Amino acid sequence: MSLVGARVQRKEDPNLLTGRAQFVDDINLAGCATMVFVGSTEAHARIVSVDTRQALGHPGVLAVWTAADVADLPPCPGLPGLERPLLASGVVRFVGEPVAVVVADDRCTAADAAEMVHIEYEPLPAVASLGAALEPGAAVLHEVLGGNVVFDSGFGDDGLAELESAPRRASLHLAINRCAPSPIEPNACLADWGPAGLTLWATFQAPHHLRNRVSEFFGLSQDRCRVIVPDVGGGFGAKINFVPELFLAPALSRALQRPVRYTQTRSECLVLMYHGRAQEHDVEVGFDDDGHLQVLRVRVTQDQGAYPDGTGMGLPVLTTAMAAGCYKIPKVAAAWRNVVTNATPVAAYRGAGRPEAAYMIERVIDLIADRLGLDPVEVRKRNFIQPDEFPYASHSPLAVYDSGNFPAALDELVRIMDYANLRAECDRRRQDPSAPLLGIGFSTWLEIAGFGPPGSLEGFGHLGSWESVQIRVQPDGSAIIYTGASPHGQGTETTFAQIAADFLEIPFERISVRHGDTAVIPQGIGTMGSRITPVGGEGVKTASLAVVERAKQIAAHVLEAEPADIELTGDGFAVRGVPSRTVPWSDVAFRSFRPLEMPPGLDPGCLDVTVFQQVPNFSFPSGAYGCLVEIDRETGQVGVVDMWLVDDCGTVINPMLAEGQVHGGVVQGIAQALYEGVQYDPDGVPLTTTLLDYLVPSAPGLPAFHDSRINTPTPNNSLGAKGIGESGSVGAPPAVVNAVIDALSHLGVEHMDMPVTPQKIWSVLRSPR
Amino acid sequence: MKVSVTVNGVPQEHEVEPRTLLVYYIREVVGLTGTNIGCDTSSCGACTVLVDGESVKSCTMLAVQADGAEITTIEGLAGSDGQMHPMQEAFREKHALQCGYCTPGMVMAAVSLLKEHPHPTEAEVREGLEGNLCRCTGYHNIVEAVLHAASTGSVSA
């Protein structure tokens, strides 16, 4: 029986469920000291003085460092000339930016002493929004730029002629809210620099990526620099960034000759862990009277926060690449610009540039439907790329869509949500002033995943775009898989073992998956961009087939047959057509270490295969989501009543895990649409610094989900798997917002920005019409 | 100050600073790191334990306030034979955890919930877990797991 496609329970769970997991802050080294940051209270200011004397005199304090103490170290890796300093030097550029670091024997002492560091600031005008940063005469964050625009692609072909000649036109301005990724485990690291070199434990998504950068930073050879990523309490893209603590903890450990730990509080996490989204879109669209798209022109303005991050700079590239979604648009003109503001830096957050694209184009479709009085389902169908048109070259050279069946996904959605009856109920409610309003929203989204083809991740600073998989068959016939994938909740130990069990025909229970230690695993890339199943999973298959090919030679030697006549039997090897002539896996595995018992041409240890798996293209997961919202007419209170999810991620390794990925992403999407949004006041003071202000949703008020699926395998790997980690967060926000706008459309509402709060809705309901 | 408690059936007695929160006492003094910390405003519930059988966010309580109490943490939930508690089993069966960081607190809250409401509705489960945040699962499967555990009737704290 094939395990690929089965609802197998996770290997990861028993440890996690019994308190035996090991997160960074659980690790206790003898003599470990704790570091705490002293963060800026100003969004933009000159540092006049930093007085550390009182803190240094506090019992138990080991060191207090400021910028002067790290002057001989490089800044954090970043854009040349715009790198973020380890500790603010001369100027602070966002609230929370570390100005000093205090190290003490324990965390309470360090926190106490941090309050004894006295910093005098000379405030500068702050630009706390894109609008403020782009005003003529605005305060400039980085003098070297001469303004606040880091990069402006400009329009190549501006699409204006096509817009001019379109029968109908519409425009839309979208402000896409800044979100805090908020894994429940904040950032943490632990550095131990001894005579043999550095060991750095970190909650991170890409161990070798970190090892290579830390090694380069200190001029320490890579063999003496070990990064261990233990259990990780969620990442969502926010744990790939080169933040100061990853370099300061090792530097302090080296200086103090003690292990040094750093564990962020939630309040620190909300201002220090890099944010996501934070774009504005200026959209113009031309279409005909039947709702056919003719031209789309969009300019994306990306808020980078105070220091442009390499990944952050790439977000609008992905947004503009995916701007056309799943639609045939004869002309797409897209441009982007990256702008700095006095706010937390912005980088990847689950979806990273693609949720913004899906949100934009799906809002555009609904706007066209509304303008023409057409059903949004019908407008989508009229514009879909058809199943026989793949591979489909979009306007962007990055995005050659691999496969999909958008009409089938939407048909399935309409079927499971019983759309006609639901629509009738919405209309009935609208006529009944005593009933809450209902609204239906659709999203037929498409995203780019499976990062990626050679050159793709290199653009984000990674060593490569492949993923490493090493299979080592043990002498007893069990197998250990070592991989550069660095899962943090995805269930990769389970899915990789499922794939390997199918192709090795070694029992699932006798396959373990190891990851997260650069001293043990082959050079790897990491878990991000919905890449681990389409790239790493394919690597598991490739390596498994190579192992089996060699194992068959050993089996043939034992059975005195030709390797070509050997077949796997589920518990070993047999000669085809002679089922009585068998040798168990354990025997073949044992012999693979005994040269006298092996055929000529094989070496001991030959059932140890390492693969650096490449893929020729990205994958393009897609889906159709439907959302039903209910709105209280008196208070504007809004809630998602129901949500239907049709996903197409190609081949599914484990449906239970795939659904789990979708649910989690969808709730992050619902949260972005209705609840979450990092807020700053005009002076750049963050207003959402605790979970009381930044509304990560809990279980009440969220719906149960209706899951469904269609399956169009990707041709870019032999498994046919596309990846599903980010689908929910891409597909959900437009479905929710479209539903809210649908509920309010009789009031003439065409758009509202996220988060669509009760206050915003109440204002609409109260405003005179 | 002196604090005497029983943690997972084992008597403990330590001198602690008066300001020591129960969660730090459990993690750093007793040395049981299964209970996690996810916030500083008692919002997330990752640190939920049972104090005299009732679920408590252990960051809302000083260690000295727990003096004399019986505390159960996630490490104390499985049977002495290592057999997982039915709620732990239900979480595994229904895929109610992904990264696992909120899980110890979520499981303890769920055990406490079923003790108070052995046969909750879906809405009651959602309301009952309001104080516990999960960023991975979207709650769907957590709710399924708690309803499943309730349906088997095998959960008693």
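Rules behind the numbers
Residues numbered from 1 in each chain as written. Chains lettered and ligands numbered in written order. Predicted model: local features only at pLDDT ≥ 70, side-chain atom pairs only at ≥ 80, totals over all residues. Heavy atoms only, no water. Helix = DSSP H or I, 4+ residues; strand = E, 2+ residues; numbered from the N terminus. Rg over C-alpha atoms; globule rule 2.2 N^0.38 Å. Buried < 20%, exposed > 50% of the residue type's maximum accessible area, 1.4 Å probe, protein only. Contact = heavy atoms within 4.5 Å. Areas by Shrake-Rupley, 256 points an atom, 1.4 Å probe, with all protein chains shown as cover. Lys, Arg positive; Asp, Glu negative; His and termini not counted. Charge placed at Lys NZ, Arg CZ, Asp CG, Glu CD. Salt bridge = Lys/Arg side-chain N within 4 Å of Asp/Glu carboxyl O. Disulfide = S-S within 2.5 Å. Expected span 1.5 Å × (residues − 1). Arc of directions from axis to C-beta. Buried area = accessible area lost by both parts, 1.4 Å probe. Polar contact = N/O pair within 3.5 Å; in protein donor to acceptor, adjacent residues only side chain to side chain. Nonpolar A, V, L, I, M, F, W, Y, C, P; charged D, E, K, R; others polar. Pairing = 2+ DSSP bridges. Axes fitted to C-alpha atoms, helices over the stretch in contact; angles between N-to-C directions. Domains from an automatic or database assignment. Core = buried A, V, L, I, M, F, W, Y, C linked by side-chain atoms within 4.5 Å. Phe/Tyr/Trp six-rings, centres within 6.5 Å; stacked < 30°, edge-to-face > 60°.

**A word on the overall build of chain B**
Of regular secondary structure, chain B possesses five helices and five strands. Compactness check: chain B gives a C-alpha radius of gyration of 15 Å against a globular reference of 15 Å for 157 residues, within 12% of the reference. Projected onto its principal axes, the C-alpha positions of chain B cover 45 × 35 × 25 Å. Counting across all 157 residues of chain B, residues that qualify as buried make up 56%. If you take every contact in chain B between residues at least 6 apart in sequence, the share linking residues at least 24 apart comes to 59%. Just so you have it, chain B exposes about 6000 Å², and 47% of that area is on carbon and sulfur atoms. Taking the average location of the 9 positive side-chain charges in chain B and that of its 19 negative ones, the two points are 6 Å from each other.

**Observations concerning the environment of Ala238 of chain A**
All names here are of chain A. Structurally, Ala238 is set in the loop between strand E11 (225-228) and helix H7 (245-256). For Ala238, a relative accessible area of 4% translates into the label buried. For the pair Ala238 and Asn738, spaced 500 residues apart in sequence, the C-alpha to C-alpha distance is 28 Å. Beyond its immediate stretch of four places on either side in the chain, Ala238 contacts Pro181, Gln205, Met273, Tyr274 and Ala348.

**What about the pattern of salt bridges?**
The tally for this structure, following the rule as stated, stands at 44 salt bridges over all chains. Measuring nitrogen to oxygen at the nearest pair gives 2.5 Å for the salt bridge that ties Glu28 of chain B to Arg107 of chain A. Placement of the pair is Glu28 of chain B in helix H1 (residues 22-30) and Arg107 of chain A in helix H3 (residues 107-114), with the two residues belonging to separate chains. Residues Glu362 of chain A and Arg380 of chain A are paired through a salt bridge, measuring 2.8 Å at the closest nitrogen-oxygen approach. Highlighted residues: Glu362 of chain A in helix H10 (residues 354-372) and Arg380 of chain A in helix H11 (residues 376-383), separated in sequence by 18 residues. Here the two residues Glu362 of chain A and Arg380 of chain A agree in accessibility, since each one is buried.

**Some remarks on the state of the cysteines**
All names here are of chain B. Following the criterion strictly, the structure yields zero disulfides over all chains and no others. With no disulfide of its own, Cys59 lies closest to Cys47 among cysteine sulfurs, the gap being 3.7 Å. Taking relative accessible area as the criterion, Cys59 reaches 16% and is therefore assigned buried. Unpaired in this structure, Cys134 has its nearest cysteine sulfur neighbour in Cys102, at a distance of 3.8 Å.

**Details of helix H13 (residues 419-431) of chain A**
Residue and element names in this part refer to chain A. For H13, which comprises 13 residues, the first-to-last C-alpha distance of 19 Å matches the rise-based estimate of 18 Å (1.5 Å per residue) to within 8%. Those residues of H13 that fall on the buried side of the exposure criterion are Tyr419, Leu422, Arg423, Cys426 and Arg429. The arc enclosing the buried residues of H13, seen along the axis, measures out at 120°, which places them on a common side. Exposed residues pointing more than 90 degrees away from the buried face of H13 are listed as Ala420, Asn421 and Gln431. At its buried positions, H13 is contacted by H11, helix H12 (406-416), strand E18 (437-446), strand E26 (622-631), strand E27 (638-648) and helix H18 (727-744).

**What about the interface of chain B and chain A?**
Between chain B and chain A, the residue contacts involve 44 residues of the former and 53 residues of the latter. Roughly 4100 Å² is buried in total at the junction of chain B and chain A, and carbon and sulfur atoms are behind 57% of that figure. For chain B, the biggest contributors to the area lost against chain A are Arg92, His95 and Arg135 of chain B; these three give 21% of the whole. The interface formed by chain B and chain A holds 23 residue pairs in polar contact (both at pLDDT 80 or more) in total. For the side of chain B that touches chain A, the secondary-structure elements that each account for two or more residues are H1, helix H2 (86-93), helix H3 (103-116), helix H4 (122-128) and helix H5 (140-152) of chain B. Tallying contributions element by element places H2 of chain B first for the side of chain B that touches chain A, with four residues. Of the residues assigned to the side of chain B that touches chain A, the class counts are 16 nonpolar, 16 polar and 12 charged.

**Here's the deal with the sheet that holds strand E28 (residues 705-709) of chain A**
Residue and element names in this part refer to chain A. Within the open sheet, the four strands sit side by side as E18-E26-E27-E28. Their pairing is mixed. Taken across any chain shown, the strands that pair with only one partner, and hence form the sheet edges, are E18 and E28. Averaged over all adjacent pairs, the angle separating strand axes in this sheet is 15°, with direction ignored. Contacts from H13 reach E18, E26 and E27, with the element oriented near 140° to E18. Sheet strands in contact with H18 are E18, E26 and E27, and its direction is about 145° off that of E18.

**Overview of the domain arrangement of chain B**
Residue and element names in this part refer to chain B. When the domains of chain B are assigned, the result is domain 1 (2-76) and domain 2 (86-152). Each of domain 1 and domain 2 has a C-alpha centre, and the two are 21 Å apart. When domain 1 packs against domain 2, the two sides together hide about 1200 Å² of surface, and 56% of this comes from carbon and sulfur. Linking domain 1 to domain 2 there are eight residue pairs in polar contact (both at pLDDT 80 or more). Among the secondary structure elements, those contributing two or more residues to the side of domain 1 that touches domain 2 are strand E3 (48-51) and strand E4 (54-57).

**As for unusual backbone geometry**
Residues and elements named next belong to chain A. The step from Phe390 to Pro391 runs through a cis peptide bond, and the omega angle for that step is -5°. On the secondary structure map, Pro391 appears in the loop between H11 and strand E16 (392-393). Here the amide bond leading from Phe451 into Gly452 is cis, since omega sits at -15°, within 30 degrees of zero. With respect to the element layout, Gly452 can be found in the loop between E18 and strand E19 (467-473). Even without a glycine there, the phi angle at Gln257 is positive, about 55°. Position of Gln257 relative to the elements: it lies in the loop between H7 and strand E12 (260-263). Phi at Ala278 is positive, roughly 60°, even though this residue is not glycine. Its location among the elements puts Ala278 in strand E13 (residues 276-287).

**Notes on the environment of Ala501 of chain A**
Residue and element names in this part refer to chain A. Note on placement: Ala501 falls in helix H14 (residues 492-504). Judged by its relative accessible area of 10%, Ala501 falls in the buried class. Each C-alpha atom, one on Ala501 and one on Thr41, is 54 Å from the other, the two residues being 460 residues apart in sequence.

**With respect to the sheet that holds strand E15 (residues 331-339) of chain A**
Residue and element names in this part refer to chain A. Strand order in the open sheet formed by five strands is E7-E15-E14-E13-E8, with mixed pairing between adjacent strands. The open sheet terminates on both sides in strands that have one partner only, identified here as strand E7 (149-152) and strand E8 (168-179). For this sheet, the mean angle separating the axes of adjacent strands, direction not counted, is 15°. One ladder, built from nine bridges, connects E13 with strand E14 (residues 293-303); its direction is antiparallel. Along E14, the bridge assignment pairs Glu280 with Thr301.

**Thoughts on the pairing of strand E2 (residues 45-51) of chain A**
Looking along a regular strand, one sees side chains alternate from face to face of the sheet. Residue and element names in this part refer to chain A. Relative to strand E4 (residues 91-92), E2 runs antiparallel, the two being bridged by two bridges. For Arg46, the partnering residue across the bridge sits in E4 and is Val91. Looking at chain direction, E2 and strand E6 (residues 118-123) are connected through six bridges and run antiparallel. From the neighbouring strand, Ile47 faces E6, where its bridge partner is Tyr121.

**Quick word on the nonpolar core**
Across soluble globular proteins, nonpolar side chains show a tendency to be buried alongside one another. Counting residues in each nonpolar core, the largest one holds 217 residues, and the members touching the most others are Met35, Tyr401, Met643 and Leu744 of chain A together with Met87 and Phe91 of chain B. At 11 residues, H10 of chain A tops the list of elements feeding residues into this core. Here this core gathers at least three residues from each of two domains, domain 1 (2-76) and domain 2 (86-152) of chain B. Beyond its immediate sequence surroundings of up to four residues, Tyr401 of chain A is in contact with Met322, Ala324, Gly325, Ile385, Phe390, Pro391, Tyr392, Ser394, Leu446 and Phe620 of chain A. One finds Ala485, Phe508, Ile554 and Ala555 of chain A within the second-largest nonpolar core, a separate group that totals 46 residues.

**Considering the packing of aromatic side chains**
One pass over the full model with this rule turns up 19 aromatic pairs over all chains. For the ring pair Phe23 of chain A and Tyr101 of chain B, a centre distance of 4.8 Å and an interplane angle of 80° mean the geometry is edge-to-face. Here Phe23 of chain A, found in the loop between helix H1 (13-17) and strand E1 (33-39), pairs with Tyr101 of chain B, found in the loop between H2 and H3, and the two come from separate chains. Tyr101 of chain B gets classed as buried once you look at its relative accessible area, which sits at 6%. Here the aromatic rings of Phe242 of chain A and Phe247 of chain A are separated by 6.3 Å at their centres, their planes lie at 55°, and the arrangement is tilted. Each member of the pair, Phe242 of chain A together with Phe247 of chain A, is buried.

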